[in-house]
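# Summary of the model geometry
Listed below, chain by chain, are the residues.
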Amino acid sequence: MKPFRIARWAMTALPLLISAPLQAEPIKIAHVYAKTGPFEAYARQSHNGLMLGLEYATSGTFEIDGRAIEVIEKDTGLDPAQGRALLEEAYGDDNADLAVGPMSSSVALAMLPVAESFEKILIVEPAMADALTGEDSNRYVFRTGRNATQDAVANGVAIGRPGVKIATLAQDTPYGRDGIAAFRDALAATGAEVVHEEYVPIDTTDFTAAGQRIFDELQDAQGDRVVFFYWAGGGNPMSELQAMNPERLDIRFAASGTTLSGLVRYKPFVGLEGAIYYYYESPGNDINQWLVEHHLERFGTPPDFFAAGGMAAGIAAVEAIRRAGSTDTEELISTLEGMHFDTPKGEMMFRAEDHQALQSMFHFRLSVEEDVEWAIPEQVRELTLDEMDVPLGR
């Protein structure tokens, strides 16, 4: 009789087990970023973009294969030590499957060893230092954001053409010198020539002497004369050199594109050319159209660099998990290496050798309209990922 009773219980209970399956474990994504501090506005855009990317890639369900996506926010406050500790907390205590962030390259450099120690994926967005996918990187790190060298290479491709003679002005830092070296290398196949390189201390506020040296070199050059500015941070070298009346020597300016707030300061430089990472009117694809419409509707502004980048990171995470059919790190690495995926900027591809996302940039020429508060980087052409020879480890 005893075995019979067990059998009857089992038969009775079986329908209950079938009708009430266990809830699938959520997919946990940690966003480790500077939610407070000087980069707060950029960080907010990045987080908004990440959430929009997750929404878009899952058609609004925030689920992958029946597993809900849970986003865990961690505020680094731009402190490298705090960023490292919070990533350890996300991987260890919160059991995050992967992480996205941070804003600052110094914070990101502190976080890279944590990803390796825990053997979990870190998608770097938007920190730019070359070393993040170069000498300081490891197999668990992938980057959707562009690196500093990609900016320089894109500008070389955009500006370079036969007969162009270029003088450069950059900060006397590794960022400045490495960027100009990459820019110069990119010019090699275009027929353009760098005739002078000027490097000044990072805290320079008076650019008169540097500007005079640049003008002296360019005035004797035969061809289309250009000053290329590769500058980040304080100081305003373009305005100071503009005050020196470059038009008298038929000299024009070129520079990297910047954020919407930065483009406000570009309004005096109509006709300036260069390459830009993202401007909301440039990419002509359905994902960007969706981003622009939803960003305007929810936040009242067009999306900027950081929103587009955050969305790319969100899409990459969803696509990798969906294609791998798993959150297992080794499965994700195998899927991510060489993965092509669509973003607001167009197609991106994680280069297998260094995990840097190769991506389009946009050749622009500035125009101004009275009812637009910033200079408009009108697209001349898209610079596709196949056109830019970005060195490995950059």
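For the structure itself, consult the block above.
Source: prediction; values computed, not measured. (Residues numbered from 1 in each chain as written. Predicted model: local features only at pLDDT ≥ 70, side-chain atom pairs only at ≥ 80, totals over all residues. Heavy atoms only, no water.)

## So, the packing of helix α10 (residues 286–299) against helix α11 (residues 305–324)
Taken N-terminus to C-terminus, the directions of α10 and α11 make an angle of 120 degrees; their axes are 11 Å apart at the nearest point. Considering the angle they form, α10 stands oblique to α11. In the packing of α10 onto α11, the handedness of the crossing is right-handed. Residue-level inspection shows Ile-287, Trp-290, Leu-291 and His-295 of α10 in contact with α11, the latter providing Ala-307, Ala-308, Met-311 and Ile-315. Looking at side-chain class alone, the contact of α10 with α11 contains 7 nonpolar, 1 polar and no charged residues. (Axes fitted to C-alpha atoms, helices over the stretch in contact; angles between N-to-C directions. Helix = DSSP H or I, 4+ residues; strand = E, 2+ residues; numbered from the N terminus. Parallel < 35°, antiparallel > 145°, perpendicular 65-115°, else oblique. Left-handed = near helix turned anticlockwise from the far one by under 90°. Contact = heavy atoms within 4.5 Å. Nonpolar A, V, L, I, M, F, W, Y, C, P; charged D, E, K, R; others polar.)

## Observations concerning the nonpolar core
Across soluble globular proteins, you tend to see nonpolar side chains buried next to one another. One finds Leu-98, Leu-122, Ile-166, Val-227, Leu-241 and Leu-272 to be the most contacted residues of the largest nonpolar core, which totals 126 residues. The biggest single contributor to this core is α11, with 13 residues. Every residue in contact with Leu-272, bar those within four places of it in the chain, is listed here: Met-238, Phe-253, Ala-254, Ala-255, Tyr-266, Phe-364, Arg-365 and Leu-366. (Core = buried A, V, L, I, M, F, W, Y, C linked by side-chain atoms within 4.5 Å. Buried < 20%, exposed > 50% of the residue type's maximum accessible area, 1.4 Å probe, protein only.)

## Quick look at the pairing of strand β7 (residues 164–171)
Of all the 8 residues making up β7, 8 are buried; the element is thus mostly covered by neighbouring parts of the structure. Across the two faces of β7 the burial is the same, with Val-164, Ile-166, Thr-168 and Ala-170 and Lys-165, Ala-167, Leu-169 and Gln-171 all buried. By the bridge criterion, 7 bridges tie β7 to strand β9 (residues 224–230) in an arrangement that is parallel. By the bridge assignment for β9, Lys-165 is matched with Arg-225. (Pairing = 2+ DSSP bridges.)

## Some details on the pairing of strand β8 (residues 193–200)
Sheet topology places β7 next to β8; 7 bridges connect them, and they run parallel. Residue pairing in the sheet places Lys-165 in a bridge with Glu-193 of β8. At this point the chain moves from β7, through helix α6 (residues 174–187), to the parallel β8, and the crossover so formed is right-handed. (Right-handed = clockwise from strand over helix to strand, strands pointing away.)

## A few points about unusual backbone geometry
Omega for the bond connecting Gly-101 with Pro-102 falls within 30 degrees of zero, at -5 degrees, which places this linkage in the cis form. Note on placement: Pro-102 falls in the loop between β4 (98–100) and α4 (105–118). A cis geometry characterises the amide bond from Glu-125 onward to Pro-126, with omega recorded as 10 degrees. We note that Phe-62 has phi near 55 degrees; this positive angle belongs to a residue other than glycine. Among the structural elements, Phe-62 can be located in the loop between α2 (40–57) and β2 (63–64). Residue Phe-62 is classed as partly exposed on the basis of its relative accessible area, which comes to 24%. One non-glycine residue with positive phi stands out, namely Asn-245, at about 60 degrees. Following the sequence through the fold, Asn-245 ends up in the loop between α8 (237–242) and β10 (251–255). Among the residues examined, Asn-245 registers a relative accessible area of 35% and is labelled partly exposed.

## A word on the packing of aromatic side chains
If you walk through the whole model with that rule in mind, you get 15 aromatic pairs. Arranged with centres 5.1 Å apart and planes meeting at 70 degrees, the rings of Tyr-56 and Trp-290 form a pair that is edge-to-face. In this pair, Tyr-56 sits in helix α2 while Trp-290 sits in helix α10, placing the two residues 234 residues apart along the sequence. Overall, the relative accessible area of 29% leaves Tyr-56 in the partly exposed class. Take Trp-290: its relative accessible area is 17%, and that puts it in the buried class. With a centroid separation of 4.1 Å and an interplanar angle of 15 degrees, the aromatic rings of Phe-183 and Phe-228 are classed as stacked. Here Phe-228 lies in strand β9 and Phe-183 lies in helix α6, a separation of 45 residues in the sequence. Phe-228 carries the same exposure label as Phe-183, and that label is buried. Members of the aromatic cluster, connected to one another through ring pairs, are Phe-39, Tyr-42, Tyr-277, Phe-305 and Phe-306. Lying across the ring of Tyr-140, Arg-139 places its NZ or CZ 5.2 Å from the centre. Seen from the ring of Tyr-199, Arg-177 lies directly overhead, with NZ or CZ sitting 3.9 Å from the centre. (Phe/Tyr/Trp six-rings, centres within 6.5 Å; stacked < 30°, edge-to-face > 60°. Lys NZ or Arg CZ within 6 Å of the ring centre and 35° of its normal.)

## Quick word on the environment of Asp-130
Mapped onto the elements, Asp-130 comes out in the loop between β5 (121–124) and β6 (141–143). Here the alpha-carbon distance between Asp-130 and Leu-52, two residues 78 residues apart in the chain, equals 27 Å.

## A short note on the environment of Leu-50
Of note, Leu-50 is situated in helix α2. What makes Leu-50 buried here is its relative accessible area of 1%. Sequence separation of Leu-50 and Phe-306 is 256 residues, and the distance between their C-alpha atoms is 9.3 Å. Dropping the residues within four chain positions of it, Leu-50 is found in contact with His-31, Val-100, Gly-310, Met-311, Ala-313 and Gly-314.

## As for the sheet that holds β2
Spatially, β2-β3-β1-β4-β5-β6 is the arrangement adopted by the 6 strands of the open sheet, whose pairing is mixed. At either end of the open sheet lies a strand with only one pairing partner, and these are β2 and β6. Its contacts with the sheet place helix α12 (residues 329–336) against β4, β5 and β6, and it is angled at close to 40 degrees to β5.

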